[in-house]
Amino acid sequence: MKKFEIAGLEFNRVSFANFFFNKTMLLGYFLVFLAGVGIYEMFELRYFSVAANAHAAGLDPTNPGLKDAMMLAVFGNVGEITREVPWTLFIANYMYMIYTGSGVIFLVALAELLNFKIVEKAAAGFMTVGIAMVFAGLFTIATDLNMLNMHWMFLSPNVKAGMWLMLPLYCTYIPFVLFEIYLVLTKKRALARKLALPILIMSIGVDVVEYYIQAKLFSMNTARHLWTEFPILTFYFIISAFVSSLGIMGIYSFLVHRKKPEYPELMSILRKGILFFISVLALYEIIAYMVVDKDWAFLILFGPFKYLYFLGYILLAMVLPFFLVFKSTNSHWKITLASLFTIVGGFAGRYLFVYGGNANPMSDRFGVGYEKYDVYEVASSFNYVHPHVGEILIVIGSIGIVLLIYKIFDSFFGITKLRDNHA
Amino acid sequence: MCKHAQHFGYDKEGVIMNYAMALDYQNCINCKACETACKEENGVQLGVHKQRIWVGIVEGTIFGKPYVNLYPSQCNHCMNAPCVSVCPTNASYYAPGGIVKVDAHKCILCKGCMEACPYDARFIDDTTVAVDKCTFCDHRIEEYGTTACQATCPTKVRLFGDLNDENSDLVKLLKKERFFFQKERSGTLPKLFYIVPKDEAYFRQSVSHDTKIYTWETFKSHFMAKSANTRSK
């Protein structure tokens, strides 16, 4: 393939048709189209819902829109956000994508530091998948926020708020990771070798800071004791992310490297990683639920979330993958299947964390029982609001963002190649 | 003067004001006049889940005997408000008089404040696409000296006033009565004072055994000292 070079980077000369209309891109377009439908649904709810305030009835009583708004006010729910569960599937997917993507980048840095040559060779592909997932997470959260007012983040910043810290974090983190990928791909070997170690150490530092800020964001939510009382939340985020990240690396390796001679060695390392981090995560889960506020712990362990917790999270993210790869095995299908389970189980874990945090209603204010949300409802210790179909479509569509970003990088730089000359 | 004094309004003599409300909830008859008055006065969005103030209803039994507790409630305008500290754009802020308010134009809908509030006092106003909450009717304090909910209550459940004015009706009431707070352990230093019911049966069914009961003196020594610490940080 013909190439051209810019700033030490070799670009593939790829035809228009091959660049835009290969199988991966077509699948990506389809998924992003689903996200587009979801965004339309959400924006219609958010910005164009029929809603009226108490003054409207006096100011313009004959307005036909007012009649619809009053009917909805009495018989239905207006808008997409509920008071009971303000953070929903958007946040679960944002967490999953960002943490897992950062986890992949973090694990590659750790592997390089520990001199795992085979991971070094595959670093470009892994890191691109990681950064693509970070972008997918940011895409999800961007659809959740009211972007029309985002300029106030700069005009009136509250720099102590966890949410605000995200902005400078990603402004630093993303260029930094892209620079790391540049160093892996560049032909300027002397520069790459010189910067390798400091960049590696900085990379690990930036990753830890990222998880710390994420943990701060959750632990500032005074009312949600699941989030404030999970012990060493930063550590939990890192460990649980590593489990799903290894799953992503396993599936990625299966799809991209399975016909290469280095594949068994790569899968062997991933297998050991899965075993180790699953064990640490399992130990953490046991200790965590002894510490967490009993109202939340009971809802998750013995209440309405128990099936999701034990069958969706514990079984898929930990038990099945552990037993699949526990014995030293040459069956790459088992490792791939274990990877798939950790990916799905990891998502269930994030979903559980977000919805679980909101599960115990705020209406237990006086310690003598739960208040009813309105006269027609039954008081309950449990809150759950099913995600809107628009949210589900956006979450599915975010996978399309990962595919598109990854494929653009791959088309230009051939990142699936295992590189021996890594710095 | 404390550096946070700008959060608070001043009266005509230049004294810092700190608005609060006492609720003699034993008197509540669940007529919902306060909810209606609030919606009318402030133009709150229509809908049962879109409320700045509400009457909380708790049902239960003691040895098979059923009871219903009514707790009129709203934003506690906490002195250490978590909703203010988590807001990334300062859309949630302390207005004069220590009133916690939301600037709808600055709200980016991150919902962090809704998650952080232990009292579930915030909701999304779909007409402005921003978080909305009680403002203690601050637009009418100067003219009428009180809130719409207090003005309309037929059984005088609510009493609005300035905690820093020893001669206010609020402080006079608090000096006479015992009171408690919602979710005091959250450390938010709330400013809704729930007056302990005089009726013994209602007291037992509506106050938890581990609820801390205050008098004005104990409140001042514990609570206000904490508040001063929080603000000086």
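This is a predicted model, so every value here is computed, not measured.

K.L.:
Can you lay out the overall build of chain A for me, pointing to particular residues and giving the numbers?
P.N.:
The secondary structure content of chain A amounts to 17 helices and 2 strands. Over its C-alpha trace chain A gives a radius of gyration of 24 Å, about what one expects of a compact globule, namely 22 Å for 423 residues. Summarising its shape, the C-alpha atoms of chain A cover approximately 75 × 50 × 40 Å along the three principal directions. Taking contacts inside chain A between residues at least 6 apart in sequence as the whole, the part at least 24 apart equals 78%.

K.L.:
Give me the lowdown on the overall build of chain B, citing residues and values where you can.
P.N.:
A count of helical and extended segments in chain B gives 8 helices and 10 strands. A sequence separation of at least 24 residues applies to 61% of the contacts in chain B between residues at least 6 apart.

K.L.:
Now, about the interface of chain A and chain B: what can you tell me, with residues and values included?
P.N.:
Counting residues at the interface gives 49 residues for chain A, matched by 53 residues for chain B. Counting residues per element, the ones that place at least two in the side of chain A that touches chain B are helix 2 (23–48), helix 4 (64–75), helix 8 (152–155) and helix 9 (162–185) of chain A. Among the residues forming the side of chain A that touches chain B, the class breakdown is 27 nonpolar, 14 polar and 8 charged.

K.L.:
For unusual backbone geometry, give the residues involved together with the corresponding values.
P.N.:
Residues and elements named next belong to chain B. Its identity is not glycine, yet Lys32 carries a phi of approximately 65°, on the positive side. With respect to the helices and strands, the residue Lys32 is situated in the loop between strand 1 (19–23) and helix 1 (33–42). A residue is classified by how many C-beta atoms lie within 10 Å of it, and Lys32, with 16 of them, is partly exposed. The phi torsion at Leu109 lies on the positive side, around 65°, for a residue other than glycine. Mapped onto the secondary structure, Leu109 falls in the loop between strand 5 (99–102) and helix 3 (112–116). Looking at Leu109, the number of C-beta atoms within 10 Å reads 21, which means it is buried.

K.L.:
With reference to specific residues and values, describe the pairing of strand 1 (residues 3–6) of chain A.
P.N.:
Residue and element names in this part refer to chain A. Where strand 1 lies against strand 2 (residues 9–12), 4 bridges are found, and the strand directions are antiparallel. The residue of strand 2 that forms the bridge with Phe4 is Phe11. Joining the antiparallel neighbours strand 1 and strand 2 is a turn of 2 residues, in which Ala7 adopts a positive phi near 50°.

K.L.:
Quick rundown of the pairing of strand 3 (residues 65–74) of chain B? Include the residues and the values.
P.N.:
Residues and elements named next belong to chain B. Where strand 2 (residues 53–62) and strand 3 come together, 10 bridges link them in antiparallel fashion. Opposite Val58, over in strand 3, you have Asn69 as the bridge partner. Here strand 2 folds back onto strand 3, and the loop between the two strands holds 2 residues, one of which, Phe63, carries a positive phi near 50°.

K.L.:
Can you break down the environment of Leu311 of chain A residue by residue, with the values?
P.N.:
Mapped onto the elements of the fold, Leu311 of chain A is located in helix 15 (residues 306–325). Taking the C-beta count within 10 Å as the criterion, Leu311 of chain A has 13 such neighbours and is therefore assigned partly exposed.

K.L.:
Quick rundown of the sheet that holds strand 1 of chain B? Include the residues and the values.
P.N.:
Residues and elements named next belong to chain B. Read across the open sheet, the 4 strands follow the order 8-1-10-9; overall the sheet is mixed. Each edge of the open sheet carries a strand with a single partner, namely strand 8 (158–162) and strand 9 (179–180). Note: strand 1 against strand 10 (residues 192–195), 3 bridges, orientation parallel. Bridged to Met21 within strand 10 is Leu192. Helix 6 (residues 169–176) contacts strand 1, strand 8, strand 9 and strand 10 of the sheet and is inclined by roughly 115° relative to strand 8.

K.L.:
Help me get a handle on the packing of helix 10 (residues 189–219) of chain A against helix 12 (residues 233–257) of chain A, residues and values and all.
P.N.:
Residue and element names in this part refer to chain A. Running from amino to carboxyl end, helix 10 crosses helix 12 at an angle of 120°, the nearest separation of the two axes being 8 Å. The angle between the axes of helix 10 and helix 12 places the two elements in the oblique class. The two elements helix 10 and helix 12 meet at a crossing, and its hand is right-handed. Side by side, helix 10 and helix 12 meet where Tyr211, Tyr212, Gln214, Ala215, Phe218 and Ser219 of the first sit next to Leu233, Thr234, Phe237 and Ile238 of the second. Looking at the contact of helix 10 with helix 12 residue by residue, the classes come out as 7 nonpolar, 3 polar and no charged.

K.L.:
Residue-level account of the environment of Leu183 of chain A, with values.
P.N.:
Examined against the element boundaries, Leu183 of chain A turns out to sit in helix 9. Residues Leu183 of chain A and Tyr289 of chain A, spaced 106 residues apart in sequence, show a C-alpha to C-alpha distance of 42 Å.

K.L.:
Please set out helix 7 (residues 123–144) of chain A residue by residue, giving values where relevant.
P.N.:
Here helix 7 of chain A is 22 residues long and its end C-alpha atoms lie 32 Å apart, about the 32 Å a rise of 1.5 Å per residue gives. Most of helix 7 of chain A sits inside the fold, with 19 of its 22 residues counted as buried.

K.L.:
So, the confidence of the model for chain B: which residues are in play, and what are the values?
P.N.:
On average, residues of chain B score 89 in pLDDT, and 90% of them reach the 70 mark or higher. Below pLDDT 50 for its whole length, residues 1–8 of chain B participates in 12 contacts with residues either more than four positions away or in separate chains.

K.L.:
Account for the packing of helix 7 of chain A against helix 12 of chain A, naming residues and giving values.
P.N.:
Residues and elements named next belong to chain A. In contact at an axis separation of 11 Å, helix 7 and helix 12 are set at 125° when each is read in the N-to-C sense. In terms of their interaxial angle, helix 7 and helix 12 are classed as oblique. Where helix 7 crosses over helix 12, the two elements pack in a sense that is right-handed. Every residue of helix 12 that contacts helix 7 at Gly125, Phe126 and Val129 is listed here: Ile248, Met249, Tyr252 and Val256. Class assignment for the residues of the contact of helix 7 with helix 12 results in 6 nonpolar, 1 polar and no charged.

Criteria and thresholds
Residues numbered from 1 in each chain as written. Chains lettered and ligands numbered in written order. Predicted model: local features only at pLDDT ≥ 70, side-chain atom pairs only at ≥ 80, totals over all residues. Helix = DSSP H or I, 4+ residues; strand = E, 2+ residues; numbered from the N terminus. Rg over C-alpha atoms; globule rule 2.2 N^0.38 Å. Contact = placed C-beta atoms within 7 Å. Nonpolar A, V, L, I, M, F, W, Y, C, P; charged D, E, K, R; others polar. Buried ≥ 20, exposed ≤ 12 C-beta atoms within 10 Å, placed from the backbone. Pairing = 2+ DSSP bridges. Axes fitted to C-alpha atoms, helices over the stretch in contact; angles between N-to-C directions. Parallel < 35°, antiparallel > 145°, perpendicular 65-115°, else oblique. Left-handed = near helix turned anticlockwise from the far one by under 90°. Expected span 1.5 Å × (residues − 1). pLDDT = per-residue confidence, 0-100.

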